[in-house]
Amino acid sequence: MKLDFSTEEQAFRSEIATWLKQNLTGEFAQLKFCGGPGNEHRSPQQRKRWEQKLAEGGWSCIGWPQQYGGRSCSIEQQVIFHEEYHRAGAPGRLSLLGEGLAGPTIIAFGNEAQKQKYLPGIVAGTELWCQGYSEPGAGSDLASVKTKACFNETQGKWLINGQKVWTSLAHQADYCFVIARTNPASTAHKGLGFFLVKMDQPGIEVRGIKQITGTSEFNEVFFNNAECDAEGIIGAPGDGWKIAMGLLGFERGVSTLGLQMQFRNELNEIIRIAKQNNAYRDPAIRQRIAQSHAELKIMRYNALRMLSAQAENGTLQKEALIYKVFWASWHQNLGELAIDVMGPEGQILDKSNSGSEYTLNHLQAMYLFARADTIYGGTNEIQRNIIAERGLGMPKEPRA
Amino acid sequence: MDFTFTKDQQLYHDSVKRFLTAKVTTEYIRQSWASHTGSSAKLWQGLVELGLTAMLVPKAYQGLGMKLLDFILLAQECGRVALPEPLLETTMVATPILGTLAEKDPRCRSLLHKIAAGEARIAVLHTVNNLISDAHNADWLLLPKSDQLHLLARDQVRLTAQASIDPSRRLFTVEWQGSSETCLTSGTEGVALLAFILNCGALATAAQLLGLAEAMLAMTVQYTIDRQQFGRPIGANQALKHHLANCAVATEFAKAPLYRAAYTVSQRPSQADLAISHAKVAAGEAAVLTAKHCIQAHGAMGYTWECDLHIFMKRAWTLDKFWGPAGFHKNRLRLWLMDTKAKIGADQTFSTQS
Ligand SMILES: Cc1cc2nc3c(=O)[nH]c(=O)nc-3n(C[C@H](O)[C@H](O)[C@H](O)COP(=O)(O)OP(=O)(O)OC[C@H]3O[C@@H](n4cnc5c(N)ncnc54)[C@H](O)[C@@H]3O)c2cc1C
């Protein structure tokens with residue numbers, strides 16, 4: 001066990017802190033605390049340029065191997081990066097799905113040609129990705145996807161037909177990773193393929209879905225003979241489920257550390273407001289603030305513990321299963337705390353931005369978005385089933 | 001002791017419920033979001049014709065002379081459909097207040113006549129709220145200042161709209177200057193009436209919260225029957241059953257304190273604070289818990305603007321904070337319990353005093 005940072009790591013910390021200080025200026029200064037879940041509609045163009053700025057400074061995909069454009073940073077260095085990134089109030093990462101999910105999946109399961117083709121755009125911050133898993137009939141029951149992929153010999157391409165839904169940031173993405181049925185006669189986990197599909201093509205239509213926040217971050221995506229290159233399938237037809245599940249492992253991995261730093265900022269903001277409007281005098285509020293802090297620390301220590309175990313033996317342990325339900329529930333509670341601390345003001349929409357009729361302030365958006373935390377990426381109920389069945393070895397629920 | 005409502009109360013309740021369900025649909029509410037006033041003269045007229053505005057006005061002023069207890073089920077129905085009209089401020093808050101002052105104040109008498117006839121709407125401010133709802137549609141405003149209660153016409157005040165997180169609610173901050181002319185009462189009577197306003201407002205809100213909770217629960221139960229995952233309705237999963245069963249327990253059990261509170265205001269005013277705070281806490285908890293589990297059970301669908309659930313959730317979230325949030329009302333309960341004269345102890349567990 002080693003719970004402190006070394007001198008080299010401290011040096012790394014001041015390197016990234018200095019870089020952020022020097023570069024989060026000019027046109028990027030206004031991006032501070034901008035974007036992220038619940039606020040993705042804000043300044044997407046500039047935030048994409050910011051991704052490219054990060055890349056120029058060598059600060060994109062830092063955990064990736066050097067040979068694929070990363071920096072092979074250790075877990076500790078990645079932690080430091082996320083801490084400093086959020087301490088500086090740098091904007092929500094538009095390339096999260098590419099850097100955190102698509103890239104690692106391609107590195108783990110893709111062939112060399114695929115790595116050469118898709119990774120550089122992610123590293124450079126020029127190509128954004130989205131995740132095409134859920135469908136109208138396949139939410140928690142992901143294995144029941146119906147979207148079909150059929151190889152057309154004359155065109156030498158895969159043709160994809162079907163519909164995805166809840167696809168976050170599809171309207172900004174250049175690529176989508178899609179799970180689709182390669183064997184039309186198959187059911188459940190078998191006969192699925194994992195495809196990398198270019199978004200800008202006639203066979204794809206993206207329609208925004210308005211959320212309870214009044215903004216639109218996720219979409220319906222319709223595939224009507226959408227084309228995917230023959231080389232656009234990761235692994236073999238039939239490997240889709242294995243790859244999709246491997247990717248969910250990354251979802252629970254390092255990228256969540258950044259999330260914690262965002263949580264820290266939110267909690268700090270709540271504490272600031274509570275002091276300012278005297279909400280902290282209410283003992284119930286004080287207790288909830290203390291509780292939130294204690295649990296946030298629990299998350300942090302456990303994430304580090306989990307990641308160091310992963311670094312050691314290359315697999316995620318039982319703790320990883322627990323992590324999603326813990327942080328999602330915690331964050332939802334934090335939203336409720338925020339709204340309670342804001343008092344009557346918490347009901348009133350943002351006046352500074354009267355352009356659109358339904359404009360939430362940062363914490364209101366967080367409050368509403370946190371309703372979805374316990375839903376996306378596996379609902380709380382599904383996570384608890386996994387903990388009980390796989391973690392504790394309890395008898396499985398009957399399956400239809 | 002009898003917790004049941006009379007046959008008449010129930011019959012009237014049924015007809016109001018039928019009317020509201022037919023007229024105040026979620027399509028209607030969505031249209032009201034886009035309209036300038038958020039209100040409909042035709043709908044208001046329908047409410048007037050049902051006798052709702054006249055109900056609590058004393059008979060001497062052409063009202064029906066009924067009690068808050070007679071109105072409580074109706075207030076619950078207003079919540080069930082998330083009614084976007086300022087009915088309850090006028091009927092359950094302003095009317096009883098004006099009734100108290102009517103004998104000595106001709107302004108109150110004439111206003112009560114108008115309320116009964118459906119010709120006047122009143123908006124009410126209280127210091128626990130800071131914001132006043134539906135003041136733009138009101139003809140008169142009841143406004144507190146220290147120990148005074150003032151009555152001003154809408155053109156005597158300045159309103160600034162404050163958009164609410166619930167698009168159905170029209171909230172305002174109000175700037176105004178009172179004078180001896182506009183002052184209805186002050187001193188001890190003023191203080192007592194301001195406390196009465198708070199109680200009436202909290203009672204009306206508690207009733208709406210329960211109606212909202214029941215509406216959310218009903219639509220979610222239906223959703224869990226219709227939505228299939230893993231080859232069966234999602235409602236077949238115990239996890240969801242338990243969530244929704246917890247909501248049913250909270251909501252059903254919050255009814256008794258609500259009805260008791262309504263009874264208490266009419267029959268035992270000295271215990272109203274305690275009973276109403278209890279009702280508001282229980283109803284708020286039931287509604288907030290129900291909102292939480294209902295969106296969860298809807299999955300991503302519940303997070304969309306298109307799904308009707310958020311109409312009810314947002315109303316529940318904002319009403320939970322209006323007329324005193326849970327902390328405020330729990331504090332009133334605590335103050336009573338900690339009072340050295342409080343009647344607590346084994347022999348007082350089922351005391352009629354609490
Ligand atoms: C903000 C947001 C962003 C999203 N982004 C993406 C994205 O980018 N790409 C993507 O592919 N998807 C995305 N999703 C979709 C997300 O993955 C699904 O919402 C999630 O898997 C749940 O599916 P569902 O919404 O269909 O709910 P359902 O599966 O219909 O579930 C409804 C309810 O039933 C419960 N339930 C279902 N089965 C069981 C069971 N066996 N036991 C107990 N309870 C059960 C659930 O827990 C839930 O409470 C997003 C969702 C949200 C809210």
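Residues numbered from 1 in each chain as written. Chains lettered and ligands numbered in written order. Predicted model: local features only at pLDDT ≥ 70, side-chain atom pairs only at ≥ 80, totals over all residues.

### Remarks on unusual backbone geometry
Then, number 1: Although it is not a glycine, N225 of chain A adopts a positive phi angle of roughly 55°.
Then, number 2: Looking at the secondary structure, you find N225 of chain A in strand β7 (residues 218-229).
Then, number 3: N225 of chain A gets classed as partly exposed once you count the C-beta atoms within 10 Å, which come to 15.
Then, number 4: Non-glycine residue N130 of chain B carries a positive phi angle of around 65°.
Then, number 5: Tracing the chain through its elements places N130 of chain B in the loop between β1 (122-124) and β2 (132-133). (Helix = DSSP H or I, 4+ residues; strand = E, 2+ residues; numbered from the N terminus. Buried ≥ 20, exposed ≤ 12 C-beta atoms within 10 Å, placed from the backbone.)

### Digging into the site of the ligand
Then, number 1: Around the ligand sit 30 residues in total, of which Y133, G139, S140 and T379 of chain A together with G299 of chain B are the nearest.
Then, number 2: The ligand sits at a junction of chains, with neighbouring residues supplied by chains A and B.
Then, number 3: Every element with two or more residues in the shell around the ligand is listed here: β1 (129-132) and α11 (380-391) of chain A together with α8 (238-267) and α9 (272-298) of chain B.
Then, number 4: The class makeup of the residues in the shell around the ligand is 15 nonpolar, 13 polar and 2 charged.
Then, number 5: Two domains share the shell around the ligand, each providing at least three of its residues, namely domain 2 (129-240) and domain 3 (252-391) of chain A. (Near = placed C-beta within 6 Å. Nonpolar A, V, L, I, M, F, W, Y, C, P; charged D, E, K, R; others polar. Domains from an automatic or database assignment.)

### Considerations on the environment of H136 of chain B
Residues and elements named next belong to chain B.
Then, number 1: Along the chain, H136 turns up in the loop between β2 and β3 (140-145).
Then, number 2: The spatial distance from the C-alpha of H136 to the C-alpha of R158 is 10.0 Å, given a sequence separation of 22 residues.
Then, number 3: The contact partners of H136, leaving out residues within four places of it in the chain, are T37, L159, R170 and F172. (Contact = placed C-beta atoms within 7 Å.)

### A short note on the interface of chain A and chain B
Then, number 1: Each partner contributes residues to the interface: chain A has 27 residues there, and chain B has 27 residues.
Then, number 2: Here the side of chain A that touches chain B takes 3 residues from helix α10 (residues 362-373) of chain A, the largest share from any one element.
Then, number 3: For the side of chain A that touches chain B, the residue count by class is 12 nonpolar, 8 polar and 7 charged.

### With respect to the sheet that holds β2 of chain B
All names here are of chain B.
Then, number 1: Pairing within the open sheet is antiparallel, and its 3 strands lie in the order β2-β6-β5. Only two strands of the sheet have a single partner each, and these edge strands are β2 and β5 (158-163).
Then, number 2: In the sheet, β2 pairs with strand β6 (residues 170-175) via 2 bridges, with the strands oriented antiparallel. Paired with I132 across the bridge in β6 is F172. (Pairing = 2+ DSSP bridges.)

### Concerning the environment of S40 of chain B
Residue and element names in this part refer to chain B.
Then, number 1: Position of S40 among the secondary structure elements: in the loop between α2 (26-34) and α3 (41-49).
Then, number 2: In this structure S40 comes out as partly exposed when scored by C-beta crowding, with 17 C-beta atoms within 10 Å.
Then, number 3: Remark: the alpha-carbon pair of S40 and E85, spanning 45 residues in sequence, is separated by 8.1 Å.

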